[in-house]
Amino acid sequence: MVFNEKIVNPTELRHWEGKIELYWVYTSGSAGDEFFKALKKGKFIAAKCKECGKVYFPPRIYCEYDFSETEYVNISGEGTVRAFTVARLDKDEKPLEKPEIYAIIDLDGTDGCIVHLLNAKPEDVYVGMRVKPVLKAKNKREGRITDILYYKPS
Amino acid sequence: MRVAVVGVGYSGFNANTPDLHWKEIMFEAAVRAYEDAGINPRRDVDSFITCAEDIWEGFAIFDEFVPDQLGAVLKPTCTICGDFLYGLATAYMHITSGLAEVAVVEAHSKASDILTFGEVIKFAMDPIWLRQIGNAHPYYFAALEMAQYINECCITEEQIASVVVKNKNNARLNPSAPYGGKVGIEDVLNSPMVFDPMRKIEIAPRADGAVVFVLANEEIAKKLTDSPVWLKGVGWWSETSNFDTMSFNAMYAAKAAKMAYKMAGITNAAKEVDFAEVDDRFAFKEIQHIEALGLSKRFETATLMVEGYFDRNGELPINVSGGNLGVGNLLEATGGQKALEVVLQLRGEAGKRQLSKAEVGVAQAWRYIPTASGAVAVFGV
Ligand SMILES: [Zn+2]
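Residues numbered from 1 in each chain as written. Chains lettered and ligands numbered in written order. Predicted model: local features only at pLDDT ≥ 70, side-chain atom pairs only at ≥ 80, totals over all residues. Heavy atoms only, no water.

**Describing the overall build of chain B**
Move 1: Helices and strands together make up the secondary structure of chain B, namely 16 helices and 11 strands.
Move 2: The C-alpha atoms of chain B give 19 Å as radius of gyration, which agrees with the globular expectation for 381 residues (21 Å, within 12%).
Move 3: Taking all 381 residues of chain B together, 64% fall into the buried category.
Move 4: In chain B, 76% of the contacts between residues at least 6 apart in sequence involve partners at least 24 apart. (Helix = DSSP H or I, 4+ residues; strand = E, 2+ residues; numbered from the N terminus. Rg over C-alpha atoms; globule rule 2.2 N^0.38 Å. Buried < 20%, exposed > 50% of the residue type's maximum accessible area, 1.4 Å probe, protein only. Contact = heavy atoms within 4.5 Å.)

**Focus: the pairing of strand 11 (residues 373-380) of chain B**
Residue and element names in this part refer to chain B.
Move 1: In terms of burial, strand 11 is a largely internal element, 8 of the 8 residues being buried.
Move 2: Alternating residues of strand 11 divide into S373, A375, A377 and F379 and G374, V376, V378 and G380, and every residue in both groups is buried.
Move 3: For strand 8 (residues 229-238) and strand 11, the ladder comprises 8 bridges, and the chain directions are antiparallel. Each residue of the ladder has a partner; that of V234, found in strand 11, is A377.
Move 4: Of the strand pairs in this sheet, strand 10 (residues 360-366) and strand 11 are connected by 7 bridges, and their pairing is antiparallel. (Pairing = 2+ DSSP bridges.)

**What about the coordination of the zinc ion?**
Residue and element names in this part refer to chain A.
Move 1: The zinc ion binds to the protein through C49 (SG), C52 (SG), C63 (SG) and D66 (OD); the donor distances cover 2.2 to 2.4 Å.
Move 2: Here the zinc ion is ringed by 4 donor atoms whose angles at the metal span 100 to 117°, and the overall shape comes out tetrahedral.
Move 3: Here the donor residues for the zinc ion map to a single chain with the spacing C-x2-C-x10-C-x2-D. Of this pair, C52 sits in the loop between strand 1 (44-49) and strand 2 (55-56) while D66 sits in the loop between strand 2 and strand 3 (70-75), and the two are 14 residues apart along the sequence. (Donors = N, O, S within 2.8 Å, 3.2 Å for Na, K, Ca; no water. Tetrahedral: all angles 85-135°; square planar, octahedral: opposite > 155°, others 65-115°.)

**As for the interface of chain A and chain B**
Move 1: The partner chain B presents 42 residues to the 49 residues of chain A that form the contact.
Move 2: Counting across the interface, chain A meets chain B through 5 salt bridges.
Move 3: The salt bridge involving D244 of chain B is made with R60 of chain A; its shortest N-O contact spans 2.8 Å.
Move 4: Counting across the chain A and chain B interface gives 21 residue pairs in polar contact (both at pLDDT 80 or more).
Move 5: Within the residue set of the side of chain A that touches chain B, elements represented by two or more residues are helix 1 (29-40), strand 4 (79-89), strand 5 (95-107) and strand 6 (113-118) of chain A.
Move 6: It is strand 4 of chain A that contributes the most residues to the side of chain A that touches chain B, 8 residues altogether.
Move 7: Among the residues making up the side of chain A that touches chain B, the classes are represented as 29 nonpolar, 7 polar and 13 charged.
Move 8: Two strands pair when backbone bridges link them, and strand 4 of chain A and strand 5 (residues 193-196) of chain B are joined in this way by 2 bridges, in the antiparallel orientation. The residue bridging V86 of chain A from the neighbouring strand is D196 of chain B, located in strand 5 of chain B. (Salt bridge = Lys/Arg side-chain N within 4 Å of Asp/Glu carboxyl O. Polar contact = N/O pair within 3.5 Å; in protein donor to acceptor, adjacent residues only side chain to side chain. Nonpolar A, V, L, I, M, F, W, Y, C, P; charged D, E, K, R; others polar.)

**Examining the sheet that holds strand 1 of chain A**
Residues and elements named next belong to chain A.
Move 1: Taken together, the 3 strands give an open sheet; going across it, the order is 2-1-3, and neighbouring strands pair in antiparallel fashion. Here the strands that pair on one side only, and so sit at the sheet edges, are strand 2 and strand 3.
Move 2: For strand 1 and strand 3, the ladder comprises 6 bridges, and the chain directions are antiparallel. Considered in strand 3, the bridge of F44 is made with I75.
Move 3: Contacting strand 1 and strand 3, helix 1 runs over the sheet at an angle of about 150° to strand 1. (Axes fitted to C-alpha atoms, helices over the stretch in contact; angles between N-to-C directions.)

**Topic: the sheet that holds strand 10 of chain B**
All names here are of chain B.
Move 1: Pairing is mixed in the open sheet, where 9 strands are placed in the order 3-2-4-7-1-8-11-10-9. Every other strand in the sheet has two partners, leaving strand 3 (77-80) and strand 9 (275-277) as the edge strands with one partner each. Neighbouring strand axes in the sheet, compared pairwise and without regard to direction, differ in orientation by 25° on average.

**Some words on the side chain of Q345 of chain B**
Move 1: Its location among the elements puts Q345 of chain B in helix 16 (residues 334-347).
Move 2: Ignoring anything within four residues of it in the chain, the contact list for Q345 of chain B reads F275, V320, A350, R353, Q354, L355 and A358 of chain B.

**Things to note about the packing of aromatic side chains**
Residue and element names in this part refer to chain B.
Move 1: Enumeration according to the criterion identifies 26 aromatic pairs over all chains in this entry.
Move 2: Seen in terms of ring centroids, Y139 and F282 are 5.7 Å apart; in terms of plane orientation they differ by 80°. Their pairing is edge-to-face. Of this pair, Y139 sits in helix 7 (residues 139-153) while F282 sits in the loop between strand 9 and helix 13 (283-292), placing them 143 residues apart in sequence.
Move 3: Under the relative-accessibility criterion, Y139 is labelled buried at 3%.
Move 4: By the ring-pair criterion, three or more aromatic residues cluster together here, those being W56, F117, Y139, F195, F282, W366 and Y368. (Phe/Tyr/Trp six-rings, centres within 6.5 Å; stacked < 30°, edge-to-face > 60°.)

**A closer look at helix 1 of chain A**
One full turn of an α-helix is made of 3.6 residues, so residues set three or four places apart face in the same direction.
All names here are of chain A.
Move 1: The end-to-end C-alpha separation of helix 1 is 16 Å, in line with the 16 Å expected for 12 residues at 1.5 Å each.
Move 2: The inward-facing, buried residues of helix 1 abut strand 1, strand 3, strand 7 (130-135) and strand 8 (148-153).
Move 3: Of the residues one or two after helix 1, G42 is the one with positive phi, at around 85°. (Expected span 1.5 Å × (residues − 1).)

Laid out in structure tokens, this is it:
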């Protein structure tokens, strides 16, 4: 059997570091496009199911429960904190220079939510806290989710 | 038709495995499983199923890399992009449909080869709505779920800590668990908050290893062994990929369990299941999953945990192997390690951690962050 012997001297072990660069474009799709175009103008939209009336955020063109179509509705973008965490480690599990607060925010007038950063002191944040979005300056907006810089207490 | 587990083999589990290629880890586990079953894979196996995810492996189209190390060259082979337990469900169907008399299921983890684990998980997050937000490790996504869950169920940090204490100490009796330790409540509460309310010690560290099962139809099983373990039920379920419609309450596990229990003829899991191995890659997940499997009632589970109900010598032992907190995060082999522990217990081969009553056992695995999907398997003797 080949495992009668194994490499016992770690200095004899070899490996090489491999990386490969891969690039994609991620299309936002028709519902995403509708949202990000509105966001550039400082507006928020959601999508309401024509069948059951459920209001989706993030908006999408179909209802995932009854598989029927939706229509866009305007919302304020403001909401209520459902849950939050104070993240202290970066993607390499090293301490973040400044902890980031992430929150699940139930958006007004929808059955949906957004997951985004919260700009507040950790000790001031609580479940049920009312928050509103802070957007980049109008001329800096790119039509992506990071056009929302963060949410802050309202 | 009944389907039996007639052979099990595993390699590991270790924090890292620098001396073996991932194919060699698979080979090692496979050789042991075939030896255990008393079969020759080149002659006796009709279907080979591996469970793997390209992004964990570091290369694409993983299924092309499978046949050789399993003895599956020039044989029916396929790869399930999911946990080992999904592979078991597939093997069950191959056998009960008559396509195969003997089927092999494999899953592995060479997590130590992944240099950018955080980035890999980030790659699984929605690129439009989620991936671009912030700079934190995607563990934050599990912490959000934890925050919501412990708030809804009024679970305290001491109760969460008791999961870590139980599993780390259980792992001390498992020679294959690299992360066992004599850990007390205070040790957990002194572990740094890294994603409040989640502490570092509540996150299962990664581990390497492989699990291989040989399954057979009843006729073959009875020829191969006097003590088959029966795969009595399998179930799998996905909620949704969207964070806005996820339950954050392990509904995937509840539904998968319902499917598996129905197949196994279990109507009252809390009474009929003797023990279970559940996904505890974050400590709070164990409590959530115990409830989802119907092994205790919502709002009562955390209290029972502290009272020792789920201890090795408790009423309904959970993660007697040490769970992921003790054995490690085995990626797609997570359910494999859990199924392995269930089979070893049912066979009476679990060494010092052998349970006195082990006739029906359940294995459950989640598909990890950022999913709301998972699978369940019920085994019995
Ligand atoms: Zn609808």
